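This is what each chain is made of:
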Amino acid sequence: MFKIFGAIVLCLSIVSCKTCKDSNPPIEASPAMDYSDSTIVGKVFVGDTCPLYIEAYEGENRVILYPVNLDESLQFTGAFIRFRYTLSRAKQPSTCVVDKVVSLENVEQLR
């Protein structure tokens, strides 16, 4: 009886090891999405410490953008805009903590 039970356990463990070796390799992490080619929506803020910034979401991530070329008619707190951007080499103001300094394209006010 114990010999049969031992043989069954041995066979099951051999079969389970074989299926582990044949399993799919682990999935590698996908590279971070680049949203600079996508149209995104953001809210404009004008403040004391940071003269101007846009709060937007790229996927599930909140980003703070410093726009170097936002039209003056849209530079007021609460303006919702739709835009595309490219990263800019312009310097970030020393009093401003943002994720990216950007140049805006195809800017459209939503409300």
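Refer to the structure above for everything that follows.
Here, residues in each chain are numbered from 1, in the same order as that chain's written sequence. Two thresholds apply to this predicted model, a pLDDT of at least 70 for residue-level local features and 80 or more for giving and counting side-chain atom pairs, whereas whole-chain, interface and lining totals are computed over all residues. Calculated side-chain values reflect all of the structure's heavy atoms, with hydrogen atoms and water omitted.

A few points about the overall build of the protein
Argument step 1. In this description a helix means any DSSP run of H or I spanning at least four residues, a strand means any run of E spanning at least two, and both kinds are numbered starting from the N terminus. Along the backbone of the protein there are one helix and five strands.
Argument step 2. If you list the helices and strands of the protein from N to C, you get α-β-β-β-β-β.
Argument step 3. Only protein chains enter the calculation, and the probe is 1.4 Å; a residue is then buried if its accessible area is under 20% of its type maximum, exposed if over 50%, and partly exposed in between. In the protein, which comprises 111 residues, the share counted as buried stands at 24%.
Argument step 4. Within the protein, residue pairs in contact and separated by at least 24 positions form 58% of the contacts whose partners lie at least 6 positions apart.
Argument step 5. Residue-level accessible areas treat just the shown protein chains as cover; the underlying method is Shrake-Rupley with a 1.4 Å probe. Roughly 8500 Å² of accessible area belongs to the protein as shown, and the carbon and sulfur atoms make up 56% of that amount. Whether two residues are in contact is decided by their heavy atoms: any pair within 4.5 Å suffices.

Looking at the pattern of salt bridges
Argument step 1. One side-chain nitrogen of Lys or Arg within 4 Å of one carboxyl oxygen of Asp or Glu is enough to make a salt bridge. The tally for this structure, following the rule as stated, stands at three salt bridges.
Argument step 2. Here Lys100 ties to Glu58 by a salt bridge, and the two come within 3.2 Å at their closest N and O atoms. You can see Lys100 sitting in strand 5 (residues 100–109) and its partner Glu58 sitting in strand 2 (residues 53–58), a full 42 residues away along the chain.
Argument step 3. You can call Lys100 partly exposed: its relative accessible area is 24%.
Argument step 4. In this structure, the salt-bridge partner of Glu108 is Arg82, at a minimum N-O distance of 3.6 Å. Of the two residues, Glu108 is situated in strand 5 and Arg82 in strand 4 (residues 80–87); the sequence distance between them amounts to 26 residues.

Here we look at the pairing of strand 5
Argument step 1. Strands are treated as partners if at least two bridges between them are detected by DSSP. As paired elements, strand 3 (residues 61–67) and strand 5 share three bridges and run parallel to each other. For Leu65, the partnering residue across the bridge sits in strand 5 and is Lys100.
Argument step 2. Pairing between strand 4 and strand 5: six bridges, direction antiparallel. Looking at strand 5, one finds that Ile81 is bridged to Gln109.

Describing the nonpolar core
Argument step 1. To qualify as a nonpolar core, a set must consist of buried Ala, Val, Leu, Ile, Met, Phe, Trp, Tyr and Cys residues joined through side-chain atoms within 4.5 Å. Within the largest apolar cluster, 15 residues are counted, with the highest numbers of intra-cluster contacts made by Leu65, Ile81, Phe83 and Leu104.
Argument step 2. Broken down by secondary-structure element, the contributors of at least two residues to this core are strand 1 (40–45), strand 2, strand 3, strand 4 and strand 5.
Argument step 3. With three residues, the single largest contributor to this core is strand 4.
Argument step 4. Here Leu104 is in contact with Ile54, Pro67, Asn69, Leu70, Ile81, Phe83, Arg84 and Tyr85, once residues within four sequence places are set aside.
Argument step 5. Counting six residues, the second-largest nonpolar core is a separate cluster that includes Cys50, Ile64, Cys96 and Val101.

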